[in-house]
Amino acid sequence: MKLRQFALVVFLVGGFWFVTTHFSSRLNPLKFMSARSSDSPLELSEAHAAPEFDAEEQNNISVYRRVLPAVVNITSRAVTFNFFYGNVPQEGQGSGFVLDKAGHVLTNFHVIEGANRGIEVKLSNKRSYKASVVGTDKVHDLALLKIEAPDLQPVVLADSSQLAVGEKVYAIGNPFGLSGTMTQGIISSIRSIRSSDGAPIEDAIQTDAAINPGNSGGPLLNSRGEVIGINTMILSNSDQNAGIGFAIPINTAKAVLSDLTHYGEVRRPSLGIVSYAIGPDLADQMGLAAESGVLIQKVVPGGAADRAGLRGGNEQAWVGNQPVMLGGDLIVAIDGQQVTDPQDISVIMDKHQASDTVSVTVMRGRRQMTVKVVLGEARSVNT
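The rules behind each value
Residues numbered from 1 in each chain as written. Predicted model: local features only at pLDDT ≥ 70, side-chain atom pairs only at ≥ 80, totals over all residues. Heavy atoms only, no water. Helix = DSSP H or I, 4+ residues; strand = E, 2+ residues; numbered from the N terminus. Buried < 20%, exposed > 50% of the residue type's maximum accessible area, 1.4 Å probe, protein only. Contact = heavy atoms within 4.5 Å. Areas by Shrake-Rupley, 256 points an atom, 1.4 Å probe, with all protein chains shown as cover. Salt bridge = Lys/Arg side-chain N within 4 Å of Asp/Glu carboxyl O. Pairing = 2+ DSSP bridges. Axes fitted to C-alpha atoms, helices over the stretch in contact; angles between N-to-C directions. Core = buried A, V, L, I, M, F, W, Y, C linked by side-chain atoms within 4.5 Å. Expected span 1.5 Å × (residues − 1). Arc of directions from axis to C-beta. Polar contact = N/O pair within 3.5 Å; in protein donor to acceptor, adjacent residues only side chain to side chain.

S.K.: What should I look at first to understand the overall build of the chain in this one?
M.R.: Along the chain, the regular secondary structure elements total 9 helices and 22 strands. A buried classification covers 39% of the 383 residues belonging to the chain. Taking as baseline every contact in the chain between residues at least 6 positions apart, the subset at least 24 positions apart corresponds to 60%. Summed over all atoms, the accessible surface of the chain reaches about 21700 Å², with 53% contributed by carbon and sulfur.

S.K.: Please clarify how the pattern of salt bridges should be interpreted in this entry.
M.R.: Oppositely charged side chains can pair when the atoms bearing their charge come close. Taken as a whole and judged by the stated rule, the model has 6 salt bridges. Where Glu120 meets Arg77, a salt bridge forms, and the shortest distance between an N and an O atom there is 3.9 Å. Pair noted here: Glu120 is in strand 4 (residues 119–122) and Arg77 is in strand 1 (residues 71–82), with a separation of 43 residues, a long-range link. Residue Arg224 is joined to Glu226 by a salt bridge in which the shortest nitrogen-to-oxygen separation is 3.3 Å. For Glu226, a relative accessible area of 22% corresponds to the partly exposed category. Several salt bridges share partner residues, and in doing so they unite Arg77, Glu91 and Glu120 into one network.

S.K.: When you look at the sheet that holds strand 8 (residues 181–194) in this model, what are you seeing that I'm missing?
M.R.: Within a sheet, each strand pairs with its neighbour through backbone hydrogen bonds, oriented either parallel or antiparallel. Ordered in space as 7-8-9-12-11-10, the 6 strands form a closed barrel in which the pairing is antiparallel. Going across the sheet, the axis of each strand differs from the next one's by a mean of 50°, ignoring polarity.

S.K.: Explain the nonpolar core here, please?
M.R.: Soluble, globular proteins show a tendency: their nonpolar side chains are buried together. Core analysis: the biggest nonpolar cluster contains 43 residues, and Ile74 and Ile147 have the highest contact counts within it. It is helix 6 (residues 250–263) that contributes the most residues to this core, 5 residues altogether. Beyond its immediate sequence surroundings of up to four residues, Ile147 is in contact with Ala102, Gly103, Val105, Val121, Leu123, Tyr129, Lys130, Ala131 and Leu152. Among the nonpolar cores identified, the runner-up in size contains 21 residues, and Ile348, Met369, Val373 and Leu375 belong to it.

S.K.: Is there a simple way to explain the pairing of strand 12 (residues 245–249) in this structure?
M.R.: A regular strand places its side chains on the two faces of the sheet in alternate fashion. Among the 5 residues of strand 12, 5 are classified as buried, and the element is accordingly described as predominantly covered. Examined bridge by bridge, strand 9 (residues 200–207) and strand 12 share 3 bridges and lie antiparallel to one another. Across the sheet, Thr207 pairs through a bridge with Gly245, a residue of strand 12. Relative to strand 12, strand 11 (residues 227–234) runs antiparallel, the two being bridged by 5 bridges. Bridged to Asn231 within strand 12 is Ala247.

S.K.: Any chance you could explain the pairing of strand 20 (residues 357–364) here in plain terms?
M.R.: Most of strand 20 is tucked away: 7 of the 8 residues are buried. Strand direction decides the pairing type here: strand 18 (residues 330–334) and strand 20, joined by 4 bridges, are antiparallel. What sits directly across from Ile334, in strand 20, is Val360. Once strand 20 ends, the chain turns through 2 residues before running back antiparallel as strand 21 (residues 367–374), passing Gly365 with a positive phi of about 70°.

S.K.: Can you walk me through helix 4 (residues 55–67) in this structure?
M.R.: Relative to the 18 Å expected for 13 residues at 1.5 Å per residue, helix 4 spans 18 Å between its end C-alpha atoms, a close match to the ideal helical length. Burial in helix 4 covers these residues: Asn60, Val63 and Val67. All buried residues of helix 4 lie within an arc of 70° about the axis, which places them on one face of the element. With respect to the buried face of helix 4, the exposed residues turned more than 90 degrees away are Ala55 and Arg65. Where helix 4 starts, the residue carrying a side-chain oxygen 3.2 Å from the main-chain nitrogen of Glu56 turns out to be Asp54.

S.K.: Help me understand unusual backbone geometry in this model?
M.R.: If a residue is not glycine, its phi is most likely negative; likewise, a peptide bond is most likely trans. The backbone phi angle of Asp141 is positive, close to 55°, even though this residue is not glycine. Structurally, the position occupied by Asp141 is in the loop between strand 5 (128–137) and strand 6 (142–146). With phi around 55°, Asp151 is a residue other than glycine that occupies positive phi space. For Asp151, the position within the fold is in the loop between strand 6 and strand 7 (168–173).

Honestly, it's all geometry; don't read function into it.
As structure tokens, then:
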């Protein structure tokens, strides 16, 4: 009996030893996982060559690298008075771009408006410089600044008169203070709009390239990296990009830069009239001899039109709830270019300077006549 018990104990002990030494990895799940992990280490697949960019990507990168050094971040500082808190410091930010190696920088007027405590311009190399104001043009929402900085890289300005809807564009700026941001889109339309102050922006470039607060004053570029416009405003219910942004055409800026650098102000040419656009329906109702044009409601006393003998209206009528003076000359062309609304006149004025002479074709009653007009200087809101 004792021999059987002894044999049974030996058998059990031997069996336990055999199982634990030969099958331990199967019986211990933790050890099993550990062993498997060590047998199959983590392996990552990594690229062994530089990325290959397609033609479009290469162009995007090329434009960005070439233009970025010319794009600046502008900080304007002001102190305003608050009834409850007294003098309150304020700070605004926007974008701009370098025009020449002398340090001229173009931006929007609203970016630096009211900056009574200084303007700072930061380059892409993170160096900051104090800026002086050379001149401003509130009507066109433009401001010309100047900094003293070495080794500046200016942009190249394009001709914005031949732009086409569908053309690829880039915007580079500092949206929400995120410096050096580039977005891409197309020209969605070219249309005349009004700024938030009601001033007309002729041939404004509409784009779906993302433009947000902080992009104002930055360049809108064509696919060659040339500046075609100055990003200035968006159409949105949330003050954030909704795919509808607008840029001032660079040709408009060219028209005022000479005055800003020479006089420190824009001496915009003016006919010196208060005008009203006439379409076919109104022309028919008024018995006018032309189907469309710009009706002179009033000539500014001593202005260009007044000196040239052009006539304003002498009889008041109403179009809806708006009073209109009838009986004045109807402008149908200037320098041979057809005129159908005041925006046409503004575009022509942007190509001239005060004291230039233009040929104004008008209908006076049923008679067509052309008058030489020496342009004056705009001093108030007129055409």
